[in-house]
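# Structural overview
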Amino acid sequence: MKTEVGSQNTEARNSNLGVAELVGEYNKTSNKRLTIALAGNPNAGKTTLFNVLTGLKQKVANYPGVTVERKEGVWRLDDKTARLIDLPGLYSLDVTSLDEQIASDVLTGKLTGIGKPDAVVAVVDSTNLERNLYLVTQLLEFKIPVVIALTMGDAAEKQSLVIDSRKLSKLLQIPVIAINAKQRQGISELSEAVSRAATEYNVPRLPWTNDGDSIETDEDIHLSLSEDVAANKRIFARYNFISEVYQESVNQEQTFERNVSDKVDSVLTHKFFGLVILVAILLLVFQTIFSWANLPMDLLDQGFGMLGDFVKTSLPEGILNDLLVDGIITGVGGVIIFLPQILLLFLFLSILEDTGYMARAAFLLDKLMSRVGLHGKAFLPLLSSFACAIPGIMATRTIENPKDRLATILIAPFMSCSARLPVYTLMIGAFFTGQTVFGFLSIGALLMLAMYALGIFVAIIVAFILKRTILKSPPPPFVMELPPYRLPNLRTVLQNMFTRAGLFLKRAGTVILAISIILWALTYFPRDAGSDAGNQAQTEIAVNAGQGAEAGDENVKESVHLQNSYAGQLGHLIEPVIEPLGFDWKIGVALVASFAAREVVVSTLSIIYNVGKDENEESETLISAIRDAKKDDGSPVWSPLTALTLMVFFVLAMQCISTVAVVRRETNSWTWTLFMIGYMTGLAYLAAFLTYQGGRLLGF
Amino acid sequence: MDMQTIIVSVIILAALLYVGIQIAGKVKSFTPKGGCGSDCGCESSPKASKF
């Protein structure tokens, strides 16, 4: 008889299931109070079933010694009562997380106060049968009677899934009861099956164990898992078994949507074409960001320019006028003009995520990450880090293995966060704008993609090294579920986009505003510094620039003043260190200031160039100021190579105090935090040095 | 000291104060939690899991 899960006559169809056929020589006394464990994947309907089975007879406590919640209740079976223990939601019993450890301890009777269960009810989601059966195959190894409660029948029906639960029961050699807990369908059959299985049980013969030789203790599990090869063989054997069971017992009508989805997946997740498509999509996104953001960015730029002019002419000349125009409006405005790009970036990322494409990208990159030894669960934290490393690092909490988690934390800041976007855009806008390859592909978009790719590439190399040296541990298997394709939800997309924009503006209005004011003060004071030195430098600059008396006394005076300011003194102090990278002292000041937040590099350069107005150049925008900036000897400060070097430095440098704070908190270790700052700064310096010096050797 | 200088001084001091508070907040988050490294709700536990 075939049971169609999801049909309304579940009770009737379960009535003749082969519980009786499955009972055998394994007998237990039926007088004692039974202990039943309820196990299942998260979101399989376990809690709903637990509530229905126990009603109000529940109590909630913690498992001994840990804070994992333990729920138990009284389940009234046919002729006896049972103690029902709700195990934590699990995907497997591989003992890699606390939840899995507790479940394993409960099943082996290791936990104080909880005896070994007499039976286990495995709650299995019909719509994800293969994934859910993995836990069942592991439960079968514990020599405890297992009864499957098949849930989500209505959802399975909508997906045209027809599950022959009788055949499923026969193949798994355990009772399978289709239930609908909310409508209390199948509950009495489940009670009967559990009651019988707990007292009369024969051990199923599992193809991957020797004659029913199953796992009894967690030591055995550890022993078997300690040998990678044996563990992998066992995992593959379980999946092979599940695959056979699934094919025999499930019939899915191939709907048109499913056919299309499968065909699209076969291309998007293809190991070669999938990567090509991923690169093409990212290129398209970056190219679109550049072309669409141009107009609003220009408008914002002009708007801040007009605001500056208005304030300059409206207020009397003086220090307050200078602060408002050259410090606040220039500094904050210099960052805010990148808002359209941030909005567009998150618009596209949200659309890609909402359509289900991001999960396909994750699947593609997971193959790559597993090869370097990273856990598959590392993908989502790394993906989050493209927005900001802080939530990304916090998301590593889902990775159970401390070494895997630490490796992910240590590489997360390499992902190009949105704070780097203004830096990349400024450099690209100043030196690479309007250039194309093949007549249509903008160099700006290519460079942007290259910066993102560089971060990913270095992260993978670092992870590869870490996972083979100080953080050595075998990567656990990872099962990824691909969500169905769907049209993006406009509300979700807009909400995500405006949330990110709000955060960006908040940052601009708080941290960046405060730092702009302080930086302005550092470039403005001391006003009467060393007149002799100032005069000497003034003469040198005027002579070197070949501008003599016509150079514009006011501008030269400002330039000399800037050199003698606190910021100038700091910049000159670090200049010898950064000179091999092609950076002058002004860039040095921006690098130091950007440790507070990466975007500050833009506001710092805005303030410095606006205050300095290098020699007699009247630079209207930061981009033109950067292009026109001259060294003391009159040679240009910036070149395309310098811009590229700065971008490479920013991809790899640990220029974010908030990230440092969150790493310290999440690792609970100063050693690892300092290690991360050290190796990232070292790598950034080395890569920038190689870029600049290599570029010069090649004649750039 | 004219009015403009006073206003600018106040603004700079406020900015310094704000950044100082922010840095103090970061320093606070630098200090280790009482509990373990993951968000399992065991802040009161004496054992701190370290990498």
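### Description of the overall build of chain A
Assigned secondary structure in chain A consists of 31 helices and 13 strands. The contacts in chain A between residues at least 6 apart in sequence include a share of 75% that link residues at least 24 apart. Carbon and sulfur atoms make up 59% of the accessible area of chain A, which totals about 30600 Å².

### Quick word on the overall build of chain B
Of regular secondary structure, chain B possesses 1 helix and 0 strands. The buried share of chain B, reckoned over its 51 residues, is 22%. Accessible area of chain B: about 3400 Å², with a carbon and sulfur share of 70%.

### Things to note about a nonpolar patch on the surface
All names here are of chain B. Taken together, the side chains of Met1, Met3, Ile6, Ile7 and Val10 define a hydrophobic patch exposed on the protein surface, amounting to about 530 Å² of accessible area. Considering the arrangement of structural elements, one finds Ile7 in helix α1 (residues 3-30). Judged by relative accessible area, which is 33%, Ile7 ranks as partly exposed.

### Here we look at the nonpolar core
Residues and elements named next belong to chain A. Phe414, Ile626 and Trp638 are the most contacted members of the largest nonpolar core, which has 134 residues in total. Top contributing element to this core by residue count: helix α20 (residues 443-468), with 12 residues. When residues of this core are sorted by domain, at least three fall in each of domain 2 (273-468) and domain 3 (503-697). Discounting residues that sit within four places of it in the chain, Phe414 has contacts with Arg420, Gly455, Val458, Ala459, Val462, Val651, Leu652, Tyr679, Met680 and Leu683.

### What about the confidence of the model for chain A?
Residue and element names in this part refer to chain A. With 83% of its residues at a pLDDT of 70 or more, chain A has an overall mean of 80. Here residues 1-30 scores under 50 on pLDDT; set against residues more than four positions off or in separate chains, the count is 74 contacts. Throughout residues 212-225 the model reports pLDDT below 50, and contacts reaching past four residues in sequence, or to other chains, amount to 29 contacts.

### Overview of the pattern of salt bridges
Residue and element names in this part refer to chain A. The final tally for this structure, using the stated rule, is 9 salt bridges over all chains. The salt bridge involving Arg234 is made with Glu141; its shortest N-O contact spans 3.6 Å. Pair noted here: Arg234 is in helix α10 (residues 228-249) and Glu141 is in the loop between α5 (129-140) and β7 (146-151), with a separation of 93 residues, a long-range link. According to the relative accessible area criterion, Glu141 is buried, its value standing at 2%. A salt bridge links Asp265 to Arg360; the shortest N-O distance between them is 2.7 Å. Pair noted here: Asp265 is in helix α11 (residues 256-268) and Arg360 is in helix α15 (residues 357-371), with a separation of 95 residues, a long-range link. Side by side, Asp265 and Arg360 carry an identical accessibility label, which is buried.

### A short note on helix α21 (residues 490-509) of chain A
In an α-helix, one full turn covers 3.6 residues, which means residues spaced three or four apart are oriented alike. Residues and elements named next belong to chain A. Look at α21: 28 Å from first C-alpha to last across 20 residues, which is about the 28 Å you get at 1.5 Å a residue. All buried positions along α21 are accounted for by Val493, Met497, Arg500, Ala501, Phe504 and Ala508. What you see down the axis of α21 is that its buried residues fit within an arc of 95 degrees, all on one side. Seen from the open side of α21, the exposed residues pointing more than 90 degrees away from its buried face are Arg491 and Lys506.

### So, the environment of Phe348 of chain A
Residue and element names in this part refer to chain A. Within the element layout of this structure, Phe348 appears in helix α14 (residues 339-355). In this structure, the C-alpha to C-alpha distance between Phe348 and Ile281, residues 67 residues apart in sequence, is 10.0 Å. Discounting chain neighbours no more than four positions away, the residues touching Phe348 are Val285, Thr288, Ile289 and Trp292.

### So, unusual backbone geometry
All names here are of chain A. Residue Phe525 is joined to Pro526 through a cis peptide bond whose omega torsion reads -5 degrees. Tracing the backbone through its elements, the reader meets Pro526 in the loop between α22 (511-524) and α23 (531-544). With phi around 60 degrees, Lys143 is a residue other than glycine that occupies positive phi space. If you trace the backbone, Lys143 turns up in the loop between α5 and β7. Lys143 sits in the partly exposed class, given a relative accessible area of 33%. Positive phi, normally seen in glycine, also occurs at Met152, with a value near 60 degrees. In this fold, Met152 is placed in the loop between β7 and α6 (153-158).

### A closer look at helix α31 (residues 670-697) of chain A
Residues and elements named next belong to chain A. The end-to-end C-alpha distance of α31 is 40 Å, a good match for the 40 Å that 28 residues give at a rise of 1.5 Å each. Here α31 has its buried residues at Trp672, Thr673, Met676, Tyr679, Met680, Ala684, Ala687, Ala688, Thr691, Tyr692 and Gly695. Tucked inside the fold, the buried residues of α31 contact α18 (402-411), α20, α29 (640-652) and α30 (657-667). Its side-chain oxygen placed 3.2 Å from the backbone nitrogen of Thr671, Ser669 serves as the N-cap of α31. A positive phi of about 95 degrees marks Gly699, the residue just after α31.

### Thoughts on the pairing of strand β2 (residues 34-40) of chain A
All names here are of chain A. The buried count for β2 comes to 7 of 7 residues, which makes it a mostly enclosed element. Neither face of β2 is exposed, since Leu34, Ile36, Leu38 and Gly40 on one face and Thr35, Ala37 and Ala39 on the opposite face are all buried. Relative to strand β5 (residues 81-86), β2 runs parallel, the two sharing 5 bridges. Bridge assignment links Leu38 to a residue of β5, and that residue is Asp86. Note that β2 and strand β6 (residues 119-125) share 5 bridges and pair parallel. Looking at the pairing, Leu38 lines up with Val121 of β6.

### A few points about the environment of Glu141 of chain A
C-alpha separation for the pair Glu141 of chain A and Val203 of chain A, spaced 62 residues apart in sequence, amounts to 9.1 Å. In terms of polar contacts, Glu141 of chain A uses its side chain to reach the side chain of Arg238 of chain A, at 2.8 Å.

### Section: the side chain of Thr396 of chain A
Residues and elements named next belong to chain A. Along the chain, the position of Thr396 falls in the loop between α17 (389-394) and α18. Classification of Thr396 as buried rests on a relative accessible area of 0%. There is a polar contact of 3.3 Å between the side chain of Thr396 and the side chain of Arg405. In contact with Thr396, other than residues within four places in its own chain, are Pro381, Arg405, Thr408 and Ile409.

### Some remarks on the state of the cysteines
What is meant by a disulfide is a covalent connection between two cysteines, made through their sulfur atoms. All names here are of chain A. One pass over the structure, following the stated rule, counts 0 disulfides over all chains. For Cys417, which is in no disulfide, the shortest distance to another cysteine sulfur is to Cys388 and amounts to 6.3 Å. Of the residues examined, Cys417 reaches a relative accessible area of 6% and is grouped as buried. Left unpaired, Cys656 is separated from the closest cysteine sulfur, that of Cys388, by 6.5 Å. The class of Cys656 is buried, set by a relative accessible area of 6%.

### A closer look at the packing of aromatic side chains
Any pair of aromatic rings gets described here by the distance separating the centres and the angle formed by the planes. All names here are of chain A. Throughout the structure, instances matching the rule amount to 14 aromatic pairs over all chains. Relative to Phe525, the ring of Trp520 has its centre 6.2 Å away and its plane inclined at 80 degrees; by these criteria the two rings are edge-to-face. Ring pairing ties together the aromatic residues Phe286, Phe386, Tyr424 and Tyr452, which thus form one cluster. A cation over a ring is seen here: Arg360 above Tyr485, with NZ or CZ 3.9 Å from the ring centre.

About the criteria used
Residues numbered from 1 in each chain as written. Chains lettered and ligands numbered in written order. Predicted model: local features only at pLDDT ≥ 70, side-chain atom pairs only at ≥ 80, totals over all residues. Heavy atoms only, no water. Helix = DSSP H or I, 4+ residues; strand = E, 2+ residues; numbered from the N terminus. Contact = heavy atoms within 4.5 Å. Areas by Shrake-Rupley, 256 points an atom, 1.4 Å probe, with all protein chains shown as cover. Buried < 20%, exposed > 50% of the residue type's maximum accessible area, 1.4 Å probe, protein only. Patch = residues over 30% accessible without salt bridge, like charges linked within 9 Å, V, L, I, M, F, W, Y side chains within 5 Å. Salt bridge = Lys/Arg side-chain N within 4 Å of Asp/Glu carboxyl O. Core = buried A, V, L, I, M, F, W, Y, C linked by side-chain atoms within 4.5 Å. Domains from an automatic or database assignment. pLDDT = per-residue confidence, 0-100. Expected span 1.5 Å × (residues − 1). Arc of directions from axis to C-beta. Polar contact = N/O pair within 3.5 Å; in protein donor to acceptor, adjacent residues only side chain to side chain. Pairing = 2+ DSSP bridges. Disulfide = S-S within 2.5 Å. Phe/Tyr/Trp six-rings, centres within 6.5 Å; stacked < 30°, edge-to-face > 60°. Lys NZ or Arg CZ within 6 Å of the ring centre and 35° of its normal.

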